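Commentary on secondary and tertiary structure
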Amino acid sequence: MERKRSSSNKYVYFFGLVLWLMTLPSLAVAQEKLNKLLRERETLHREWQVSESKKSGLFGNRTKKDMSATNEWMDRIIRKDNQIMQELEMLKDIETTEISYEKEDYKYVAQKAEADIVKLKRALSEKDEAIRKEEDEKRRYEWTTLLFFLSTLVLGFLYYRKKR
């Protein structure tokens, strides 16, 4: 039974390692994609600021075309923000999954350690019981020897008195 459980443990550890190695590159790729999206958003923001500062109307005022261009840049920024939010959500999901697997691994290790502790306690109590029985047997032997010695001494004394 123990041997079967041991081989099962190896498969669980192997599966956990493979899963961790598979999520590691996706986490790095997702982080790089997020950084790229943030750089793109920064560029869009600068373009929006340039668009915001354009005033091509009479007397230095903004025209409807200027405002429309500014709104288009703002729309692009909002779409980029949505992409960034989706990427952050995916990163959160990856990390949550990774944490849950680590939690399961720790839980498994704790359960295994607990089972080992129970086995050790049982072995210790069995050993204590064996030692107690051995001490009882030794004590019984000592008492038997003492009684035999005393009875021999009394009988020897009675025999000596009778012969005298």
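Here we summarise the structure given alongside this text. Per chain, residues are indexed from 1 in the order of the written sequence. With the structure being a predicted model, the display of local features is reserved for residues of pLDDT at least 70 and the display and counting of side-chain atom pairs for 80 or more, all residues being used for whole-chain, interface and lining totals. Here the side-chain values reflect all heavy atoms present in the structure, with hydrogen atoms and water set aside.

**Quick look at the overall build of the protein**
The helix and strand labels rest on DSSP assignments: H or I over at least four residues marks a helix, E over at least two residues marks a strand, and numbering proceeds from the N terminus. Of the regular secondary structure elements, the protein holds two helices and zero strands. Think of it in three bands: residues with accessible area under 20% of the maximum for their type are buried, residues over 50% are exposed, and the middle band is partly exposed, with areas taken using a 1.4 Å probe on protein chains only. Counting over 164 residues, the protein shows a buried share of 12%. The contact definition used throughout considers only heavy atoms, calling two residues in contact when any of these lie within 4.5 Å. Long-range pairs, those at least 24 residues apart, make up 69% of the contacts in the protein with a sequence separation of at least 6. All accessible-area figures derive from a Shrake-Rupley calculation using a 1.4 Å probe, and residue coverage is judged against the displayed protein chains alone. With the model as given, the accessible surface of the protein reaches about 14400 Å², and the carbon-plus-sulfur share is 62%.

**Concerning the pattern of salt bridges**
By definition here, a salt bridge exists when the distance from a side-chain nitrogen of Lys or Arg to a carboxyl oxygen of Asp or Glu is within 4 Å. The full count for this structure, using the stated rule, is eleven salt bridges. Residue Glu87 is joined to Lys33 by a salt bridge in which the shortest nitrogen-to-oxygen separation is 3.7 Å. Of the two residues, Glu87 sits in helix H2 (residues 64-163) while Lys33 sits in helix H1 (residues 2-53), which places them 54 residues apart along the sequence. Residue Lys33 is classed as partly exposed on the basis of its relative accessible area, which comes to 45%. Arg140 is the salt-bridge partner of Glu137, the closest N and O atoms lying 2.8 Å from each other. With Glu137 and Arg140 both in helix H2 and three residues apart, this pair spans about one turn of that helix. Overlapping salt bridges bring together Lys36, Glu40 and Lys80 as one network.

**A closer look at the environment of Arg41**
Within the element layout of this structure, Arg41 appears in helix H1. Under the relative-accessibility criterion, Arg41 is labelled partly exposed at 26%. Measuring from C-alpha to C-alpha, the distance between Arg41 and Ile78 comes to 9.1 Å, with 37 residues separating the pair along the chain.

**A look at the side chain of Lys80**
Position of Lys80 relative to the elements: it lies in helix H2. Assessed through its relative accessible area of 13%, Lys80 is described here as buried. One polar contact links Lys80 to Glu40, side chain to side chain, over a distance of 2.3 Å. A 3.5 Å cut-off defines polar contacts: any pair of N or O atoms within that distance qualifies, except that in protein one atom must be a possible hydrogen donor and the other a possible acceptor, and neighbouring residues in sequence count only when both atoms are side-chain atoms.

**Comments concerning a nonpolar patch on the surface**
Only residues whose relative accessible area exceeds 30% and that form no salt bridge enter a patch; like-charged residues are grouped when within 9 Å of one another, and nonpolar side chains (Val, Leu, Ile, Met, Phe, Trp, Tyr) when within 5 Å. On the surface, a nonpolar cluster with roughly 530 Å² of combined accessible area is contributed by Trp143, Leu146, Phe149, Leu150 and Leu153. Tracing the sequence through the fold places Leu150 in helix H2.

**Some details on the side chain of Glu87**
Under the relative-accessibility criterion, Glu87 is labelled buried at 5%. Sequence-distant contacts of Glu87, defined by excluding residues within four places in its chain, comprise Ala30, Lys33, Leu34 and Leu37.

**Overview of H2**
To estimate the expected span of a helix, subtract one from its residue number and multiply by 1.5 Å. Helix length check: H2, at 100 residues, gives a terminal C-alpha distance of 145 Å against a target of 148 Å (1.5 Å per residue), a fit within 8%. Every buried residue belonging to H2 is among Asp66, Thr70, Trp73, Ile77, Lys80, Ile84, Glu87, Leu91 and Ile94, and all of these are buried.

**A word on the environment of Gln31**
Note on placement: Gln31 falls in helix H1. Given a relative accessible area of 36%, Gln31 falls into the partly exposed group. Once the C-alpha coordinates of Gln31 and Met90 are considered, the two residues, 59 residues apart in sequence, prove to be 9.9 Å apart.

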